[in-house]
Amino acid sequence: MRDATTGGPPDPAVLDLPFAVGEAASGPLTWAQSVMWDAMQWFGKEANQFNIGQPLVLAEPVGQARLLASLRGLVEAHQTLRTRYVARSGQPRQEVHASGRYDVEVADGHDDPARVAGELAGRLAETAFDHEAEWPLRVGCVVDGERRVTAVALVGSHLAFDGWAFNTFVDLLRAGLSGDSEQPASTAGAEPPAGAEPSADAGVPQALEQAAFEGSPAGQQQSRLGLRHWEQGLSTAPASMFDLPRAATGDQPIERHLLDSAAVAAAAAALAARTRTSFSTVLLCLTTLVLTAYNGHDTAVLKLITGNRLDRRSRDLIALNTLDALLAFTVPRDVDLLTAIRQTHRPAFDAYRRAQCDPRAVATVVEETGRRRGVSFDLSTYFNNGHRGNDWAVTGPEPRPDRLAELRAGSRYTRLDPLPRSDMKFMVAASNGGAGVCRLGLLVDTTYLPGALGETIVRGIETLLCDAVAEEVGVAEIPGRIGLAPAVRGADWVRTPAGWVRPADVAELVREAAGGVEVAVLPAGPAPGTGLTAYVADASAVPEELHRRVLALLPGRTGVAAPDGYVACAAAPPAGAGPDAWRGVPVVARGPGRPA
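Considering the overall build of the protein chain
Consideration 1: Assigned secondary structure in the protein chain consists of 16 helices and 21 strands.
Consideration 2: Taking 2.2 N^0.38 as the reference for a compact globule, 596 residues should give roughly 25 Å; the C-alpha atoms of the protein chain span a radius of gyration of 28 Å, in line with that estimate.
Consideration 3: Residue pairs at least 24 apart in sequence account for 75% of intrachain contacts in the protein chain once pairs closer than 6 positions are excluded.
Consideration 4: A total of about 26000 Å² of accessible surface is found on the protein chain, and carbon and sulfur atoms cover 51% of it.
Consideration 5: The distance from the centre of the 56 positive side-chain charges to the centre of the 69 negative ones in the protein chain is 4 Å.

Rendered as structure tokens:
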């Protein structure tokens, strides 16, 4: 068959991109890859929501051969692009291939290459990656009437890329296609990290080297410092940010909100300069203040998604490099917003600094600390500062209120399609939307933050930032300024060291653990916050064993904690005697719900 427009053979719908370099290699996942591996196993087919896609429109068309050559150079230089992620004997591993081939899909885009590339990227991102059977990058290209490439569609798996790595890869490809470089950029001459084996691709940082460092004595020492930070933070933190009355929802309870705002970018940058902190600290402070204004907590507990690309090698690493840092700190109340931003900076810095540690060991620390405190931690609140450090550096005077009002008029709010489930209940994320715009994203679980709260919060952050540039804003004023009605807990909720608890729900939990016998949960003493005691109408109950059963039932529940003590009673008090009558019935055994 011949091409009717040229008389030659037809252009293929898929271009063949073979590669061959070095030797095959394999090793364990990096810490960052392990975190994402677990998340993707949990989401299954729904892991397509992690895909990272971007259309790249070229300034000038290039030949298909040039596109293939540029892609081949990057694939051969960076092991991530020729890695399969597999499970072997129940353990995930990364396997780097020395040779293979990519398929590059071809689409016609004579009239509108940007639109066609965007649609192609969207289609390539529709399904989750099969990491054992496909490379972690999908590529398509858009061609004009002369079959030259005018745009490229790129979709990466989040198991292989974080935002930084993906953007770096796109920048390298753009440079190779624009003629700005003869070959893909490298870091020739850089020394490998301690404990790493020499790479077959000398000079280019690789994920296998990162995994080797993490297993080295230096990497393990780094991990121990991080684990100590987690244990200290969780020793006094509330069990959950969502110990709230639950709202009825449908089968799509996870809402996602976007606000593209140049006002957020300008105001947050101005406040960062004024407080001598950072753009990230400003947004993180606002996130914690708004959330705790709603949930009534004095201490905020968040996971900070952390890249920590602090040196040349990590900055050039084309691989996932993000881990979860723990931020647990007392939220300032009787201060103005600028003071609160300054007070947030040091705890945030310490959290980011201690993020690099083994996630399996982190899980152990979380579980063991929870057992000691009689709780199951719900660490489902996230903050992700995804922009590069100087994206919105202040280059002139602070914006005046009238200028911020103009910028706010151009803000664009979007509500994305909801999701059936997420391992997050709340997340604020910031990224560079281009042209001075901050894309502020918010994910909320409407089981805990119902109604229009999502839009109220994301727009409220913009309002507070702009107000604080023009005038003093007190932290206590936050709900009123943004129209946020704090959560209402009834009189049947009490505050404990574990957070807010509903004793009736604790009693139901103990009743389930005790096999359905009558149970009452009462305050341990007259003073607020002195803890709870469970009275169980079962003379054969062993408090220590009952406590172990209660702990096993805690995961996945909010607004409950194990009682501070257990009392096995010979029988329940007479019907109608009232809760306090439990304190007068004959006691068979007593036991603590916490270690001595």
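Some remarks on the pattern of salt bridges
Consideration 1: Counted under the stated rule, the structure contains 42 salt bridges.
Consideration 2: Where R459 meets E455, a salt bridge forms, and the shortest distance between an N and an O atom there is 2.9 Å. Placement of the pair is R459 and E455 together in helix α13 (residues 453-470), with a separation of four residues, close to one helical turn.
Consideration 3: On the basis of relative accessibility, which here comes to 25%, the residue E455 falls in the partly exposed class.
Consideration 4: Among the charged side chains, a network of salt bridges with common partners joins D467, E471, E477 and R481.

Looking at the sheet that holds strand β2 (residues 25-28)
Consideration 1: Pairing is antiparallel in the open sheet, where three strands are placed in the order β2-β5-β4. Edge positions in the sheet fall to β2 and β4 (83-88), since each of these pairs with one other strand and no more. Averaged over all pairs of adjacent strands, the angle between strand axes in this sheet comes to 30 degrees, irrespective of strand direction.
Consideration 2: Strand direction decides the pairing type here: β2 and strand β5 (residues 91-96), joined by four bridges, are antiparallel. Each residue of the ladder has a partner; that of G27, found in β5, is Q94.
Consideration 3: Those strands touched by helix α1 (residues 31-43) are β4 and β5, and its axis lies near 70 degrees from that of β4.

Things to note about α1
Residue pairs three or four apart in sequence face the same way in an α-helix, which turns once every 3.6 residues.
Consideration 1: With 13 residues, α1 extends 19 Å between its outermost C-alpha atoms, agreeing within 8% with the 18 Å of an ideal straight helix rising 1.5 Å per residue.
Consideration 2: Residues W31, A32, Q33, S34, M36, W37, A39, M40 and F43 constitute the buried set of α1.
Consideration 3: The inward-facing, buried residues of α1 contact β4, β5, α5 (207-215), α6 (217-234), β11 (323-330) and α11 (359-373).

Observations regarding the sheet that holds strand β19 (residues 532-536)
Consideration 1: Spatial ordering of the open sheet is given by β18-β19-β20-β21, a layout of four strands whose pairing is mixed. Single-partner strands in this sheet number two, and they are β18 (519-523) and β21 (587-592). The sheet shows a mean angle of 20 degrees between the axes of neighbouring strands, taken without regard to direction.
Consideration 2: Relative to β21, strand β20 (residues 565-569) is paired through five bridges, and the arrangement is antiparallel. The partner of C569 across the bridge, within β21, is V587.
Consideration 3: Of the strands in this sheet, β18, β19 and β20 are in contact with helix α15 (residues 503-513), which crosses β18 at around 140 degrees.

Describing helix α4 (residues 163-178)
Consideration 1: In this model, α4 (16 residues) spans 22 Å end to end at C-alpha, consistent with the 22 Å of a helix rising 1.5 Å per residue.
Consideration 2: For α4, every residue scored as buried is listed here: A165, F166, T168, F169, V170, L172, L173, A175, G176 and L177.
Consideration 3: Of the surrounding elements, those touching the buried residues of α4 are β3 (52-62), α2 (64-77), β7 (137-143), β8 (149-156) and α9 (312-316).
Consideration 4: Of the residues flanking the end of α4, it is G179, one or two places downstream, whose phi is positive at about 85 degrees.

A word on the packing of α6 against α11
Consideration 1: Close contact between α6 and α11 brings their axes to 10 Å; oriented N to C, the two are set at 25 degrees. The pairing of α6 with α11 is recorded here as roughly parallel in orientation. By crossing handedness, the relation of α6 to α11 is classed as right-handed. Only A361, V362, V365, V366, T369, R372 and R373 of α11 make contact with α6, whose side of the interface consists of L227, W230, E231 and L234.
Consideration 2: When grouped by side-chain class, the residues that make up the contact of α6 with α11 number seven nonpolar, one polar and three charged.

Details of the packing of aromatic side chains
Consideration 1: Under the defined criterion, the tally for this structure stands at nine aromatic pairs.
Consideration 2: The interplanar angle of 25 degrees and the centroid separation of 6.0 Å between the aromatic rings of Y102 and W135 together place this pair among those described as stacked. Of this pair, Y102 sits in strand β6 (residues 99-108) while W135 sits in the loop between α3 (113-124) and β7, and the two are 33 residues apart along the sequence. An identical accessibility class is assigned to Y102 and W135; each is buried.
Consideration 3: Judged by centre distance (5.7 Å) and plane angle (55 degrees), the rings of F242 and Y448 are tilted. Of this pair, F242 sits in the loop between α6 and β9 (254-261) while Y448 sits in the loop between β15 (437-445) and α13, and the two are 206 residues apart along the sequence.
Consideration 4: Clustering of aromatic rings is evident, with ring pairs tying together F19, Y102 and W135.
Consideration 5: For R84, the ring lying beneath its charged end belongs to W135, and the centroid distance is 3.8 Å.
Consideration 6: Over the face of the ring belonging to F129 we find R138, whose NZ or CZ atom lies 3.8 Å from the ring centre.

A few points about the pairing of strand β1 (residues 14-20)
Consideration 1: Of the two faces of β1, only the one carrying L15, L17 and F19 is buried; V14, D16, P18 and A20 on the other face are not.
Consideration 2: Pairing between β1 and β6: seven bridges, direction antiparallel. In the strand pairing of β6, P18 is matched with R101.

So, unusual backbone geometry
Consideration 1: We note that R147 has phi near 65 degrees; this positive angle belongs to a residue other than glycine.
Consideration 2: Structurally, R147 can be placed in the loop between β7 and β8.
Consideration 3: According to the relative accessible area criterion, R147 is partly exposed, its value standing at 25%.
Consideration 4: A positive phi is found at A435, a non-glycine position, where the angle reads about 55 degrees.
Consideration 5: Of note, A435 is situated in the loop between β14 (426-434) and β15.

The rules behind these values
Residues numbered from 1 in each chain as written. Predicted model: local features only at pLDDT ≥ 70, side-chain atom pairs only at ≥ 80, totals over all residues. Heavy atoms only, no water. Helix = DSSP H or I, 4+ residues; strand = E, 2+ residues; numbered from the N terminus. Rg over C-alpha atoms; globule rule 2.2 N^0.38 Å. Contact = heavy atoms within 4.5 Å. Areas by Shrake-Rupley, 256 points an atom, 1.4 Å probe, with all protein chains shown as cover. Lys, Arg positive; Asp, Glu negative; His and termini not counted. Charge placed at Lys NZ, Arg CZ, Asp CG, Glu CD. Salt bridge = Lys/Arg side-chain N within 4 Å of Asp/Glu carboxyl O. Buried < 20%, exposed > 50% of the residue type's maximum accessible area, 1.4 Å probe, protein only. Pairing = 2+ DSSP bridges. Axes fitted to C-alpha atoms, helices over the stretch in contact; angles between N-to-C directions. Expected span 1.5 Å × (residues − 1). Parallel < 35°, antiparallel > 145°, perpendicular 65-115°, else oblique. Left-handed = near helix turned anticlockwise from the far one by under 90°. Nonpolar A, V, L, I, M, F, W, Y, C, P; charged D, E, K, R; others polar. Phe/Tyr/Trp six-rings, centres within 6.5 Å; stacked < 30°, edge-to-face > 60°. Lys NZ or Arg CZ within 6 Å of the ring centre and 35° of its normal.

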